[in-house]
Amino acid sequence: MHPAEHRALRELHATARQLREHWATLANRLETQDARVGAGSLLRAGSHDARELLGELAEQTAARELYGRTAAQGVGVQLAAGRAGLLDHALEVNQALRFATLDVQHVVTLLAYLERLARRRGDAPLAAFEAGWHERMAGHEDAIRTAAVAAGDDPDQAIRPASPGMAGRVGHG
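For the structure given in this document, a descriptive report is provided here.

Moving on: the pattern of salt bridges. Tallied over the full model, the rule gives 10 salt bridges. In this structure, the salt-bridge partner of arginine 17 is glutamate 21, at a minimum N-O distance of 3.5 Å. Remark: glutamate 21 and arginine 17 occur in helix H1 (residues 3–33); sequence separation between them is 4 residues, near one turn of the helix. A residue is classified by how much of its surface remains accessible, and arginine 17, at 19% relative accessible area, is buried. Here aspartate 123 ties to arginine 64 by a salt bridge, and the two come within 2.7 Å at their closest N and O atoms. Linking aspartate 123 in the loop between helix H4 (93–121) and helix H5 (124–150) with arginine 64 in the loop between helix H2 (40–63) and helix H3 (69–87), this pair joins segments that are 59 residues apart in sequence. For aspartate 123, a relative accessible area of 10% puts it in the buried group.

Moving on: the packing of H2 against H5. For the pair H2 and H5, interaxial distance at closest approach is 10 Å and the crossing angle is 165°. By the criterion of interaxial angle, the relationship of H2 to H5 is roughly antiparallel. Here the hand of the crossing between H2 and H5 comes out left-handed. Here Leu42, Leu43, Ala45, Gly46, Asp49, Ala50, Glu52, Leu53, Glu56, Leu57 and Gln60 of H2 come into contact with H5, specifically with Leu126, Phe129, Trp133, Arg136, Met137, His140, Ala143, Ile144 and Ala147. Of the residues that constitute the contact of H2 with H5, the class distribution is 13 nonpolar, 3 polar and 4 charged.

Its location among the elements puts threonine 101 in helix H4. Residues within four places of threonine 101 in sequence aside, it is in contact with Ile144, Arg145 and Ala148.

How each quantity is defined
Sequence order as written defines the numbering, with residues in each chain counted from 1. Predicted model: local features are reported for residues with pLDDT of at least 70 only, side-chain atom pairs are reported and counted for 80 or more only, and whole-chain, interface and lining totals are derived from all residues. Side-chain measures here rest on the full set of heavy atoms in the structure, leaving out hydrogens and waters. We count a salt bridge whenever a side-chain nitrogen from Lys or Arg sits within 4 Å of a carboxyl oxygen from Asp or Glu. A run of H or I in DSSP becomes a helix once it reaches four residues, and a run of E becomes a strand once it reaches two; helices and strands are each numbered from the N terminus. Classification of residues uses two cut-offs on accessible area relative to the type maximum, computed with a 1.4 Å probe and protein chains only: under 20% is buried, over 50% is exposed, and between them is partly exposed. Whenever a helix is involved, its axis is fitted only over the stretch in contact; in every case the axis is a line through C-alpha atoms, and angles between N-to-C directions fall within 0 to 180 degrees. Reported orientations rely on four angle classes, namely roughly parallel under 35 degrees, roughly antiparallel over 145, roughly perpendicular from 65 to 115, and oblique for the rest. Rotating anticlockwise by less than a right angle from the far helix to the near helix defines a left-handed crossing, while the corresponding clockwise rotation defines a right-handed one. Note on contacts: a residue pair is in contact if any heavy atoms of the two residues lie within 4.5 Å. Residues were grouped as follows: Ala, Val, Leu, Ile, Met, Phe, Trp, Tyr, Cys and Pro as nonpolar; Asp, Glu, Lys and Arg as charged; and all remaining residues, including Gly, as polar.

Printed below as a string of structure tokens:
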């Protein structure tokens, strides 16, 4: 396996973990704010699929004697904690949704890249795994992008703090 593919697989562990953690946290915050946002269920579904992706990815990489899941996922937790812990408190609902779109866009692009690498190397089973997950996560990308754009239909709701309570008011102020 080329080092580019090995590194990208580790990156996928980290970014999928980051997506899983960040989207779950953001779903809770937005659902607390106002059910009209409607993105909570989309974020929760994407977080759930990222969890499934991580489980299957661990199997795929172990079958190829690649490890590093723990270290890579630790990076993902740190990425999610940094964004969810600091940045999200200062964001408006519309901004948080647009940043969430970037989370999944990174994963989708990375899966397409990994598929290309696996096909080049002749690993059809890994390429099929990556292609399937690319398609599945692209659905989440489209859904959350649609929700982010639709936030423009209710500008008053769109500019509310993404984080409830005092932290959101302070960050938003």
